Amino acid sequence: MKIIIAGVGAMGSRFALMLHQAQNDVLLVDGWQAHIDAIRKDGLRANFNGEEISAKMPIYHQEEVSKVDFSAELVILFTKVMQLEGMLQAIKPLVHKETKVLCLLNGIGHEDIIKKYVPLENVLLGNTMWTAGLEGPGKAKLFGNGSIDLQSLGTEGESAARPVLDVLNAAKLNAKYSENILSSIYKKACVNGTMNGLCTILDANMADFGETSVAEQIVEAIVSEFFAVAKAQNIELHHDEVMAQIYSCYNRETIGLHHPSMYQDLIINHRLTEIDYINGAIVRKGQQFNIPTPYCSFLTELVHAKEEILGAK
Ligand code: NAD
Ligand code: AOT
């Protein structure tokens, strides 16, 4: 399949490499010049489950795609949310009537941005349990396993998504169709809405935070705000399932020793965070439905204060 990876950071690199290994025709589009230069010189490199790999794929800066002749069957969006609309605007010349556009970003409400650029019939909305990191320009660090849930937002349903699911599964990306993607997006948002902001502000990995005496009451308070906002939109969530997923993040043998991506972005790299699209999105929905969201509001403000203190860009 002819695939564009729009945003070739940590996750975009994982998907690009795995789809390329599975013989797809993959074109990369990104906005970070040093990263583009490194990939043009040495290929896209990664430590992939302990093995050093690299692959040559064409890469273009998002401002130069008008020069590109590539009729994409699928675009996979993997920018940070703040970069999403700029990327959609930039790749407009490469998105045709038939191009499916898959969004797997963390956070809530991206479909409202995407549908300004892509007909709903072509939008596939999902979320993923894969993880990835970047060691520096041109080099990713890819460990562990993951999965993808996705749903077509058009009237055709699963049949519109089937060719994309087949391609993702041939690349061992473990994708399945969901009839209720908003539930799974909110479930993942509960994980990000607790682990990401709290570990960032507390300068802790997930296990160290989880073992504090106050972890349970803070997590329950935040999750209850996500649940109230989900309920107002008839999005079904199961308390024990969500809490089990959060508690699994504390496991030192699996992912407990990791810092969430928001920590890497803000504390390590002084980059702006996605907090406005996770806890901040709950605050905005809360205002819309008259639901108080004091914990999400406070956490969003704390993260913004930290962004300012660190001069994040
Ligand atoms: P990323 O920050 O690695 O990459 C996003 C964009 O930022 C890319 O265009 C990349 O080139 C650019 N970028 C990265 N580092 C930069 C730097 N130092 N200077 C300038 N530009 C830089 O983002 P990601 O981790 O791939 O995440 C993409 C989306 O997937 C987000 O919504 C994220 O929340 C979600 N997600 C991430 C993970 C993960 O483990 N990383 C897991 C699940 C979902
Ligand atoms: C994560 N982490 O999504 C992924 O760090 O932003 C992140 C993130 C899968 C399962 C649990 C946590």
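Everything here concerns the structure above.
Residues numbered from 1 in each chain as written. Chains lettered and ligands numbered in written order. Predicted model: local features only at pLDDT ≥ 70, side-chain atom pairs only at ≥ 80, totals over all residues. Heavy atoms only, no water.

What follows is about the overall build of the protein chain. The secondary structure content of the protein chain amounts to 12 helices and 12 strands. Against the compact-globule benchmark of 20 Å for 313 residues, the protein chain has a radius of gyration of 19 Å, which places it among compact chains. Here the C-alpha coordinates of the protein chain stretch approximately 55 × 40 × 35 Å along the principal axes. Of the roughly 14100 Å² of accessible surface on the protein chain, a fraction of 51% belongs to carbon and sulfur atoms. In the protein chain, 27 side chains carry a positive charge and 37 a negative one; their mean positions are 5 Å apart. (Helix = DSSP H or I, 4+ residues; strand = E, 2+ residues; numbered from the N terminus. Rg over C-alpha atoms; globule rule 2.2 N^0.38 Å. Areas by Shrake-Rupley, 256 points an atom, 1.4 Å probe, with all protein chains shown as cover. Lys, Arg positive; Asp, Glu negative; His and termini not counted. Charge placed at Lys NZ, Arg CZ, Asp CG, Glu CD.)

Most of strand β2 (residues 25-30) is tucked away, with five of its six residues classed as buried. When strand β1 (residues 2-6) meets β2, the two strands line up parallel, connected through five bridges. The residue of β2 that forms the bridge with Ile4 is Leu27. With respect to chirality, the unit in which β1 leads through helix α1 (residues 10-21) into the neighbouring parallel β2 is right-handed. (Buried < 20%, exposed > 50% of the residue type's maximum accessible area, 1.4 Å probe, protein only. Pairing = 2+ DSSP bridges. Right-handed = clockwise from strand over helix to strand, strands pointing away.)

With that settled, the discussion passes to the site of ligand 1. Taken together, 20 residues form the shell around ligand 1, and within it Met11, Asp30, Lys80, Arg271 and Glu274 come nearest. Within the contact set of ligand 1, an oxygen atom lies 3.0 Å away from a side-chain nitrogen or oxygen of Asn106. With respect to ligand 1, the side chain of Arg271 contributes an N or O atom lying 2.7 Å from an oxygen atom. Here the shell around ligand 1 is composed, by residue class, of eight nonpolar, seven polar and five charged. (Near = heavy atom within 4 Å. Polar contact = N/O pair within 3.5 Å; in protein donor to acceptor, adjacent residues only side chain to side chain. Nonpolar A, V, L, I, M, F, W, Y, C, P; charged D, E, K, R; others polar.)

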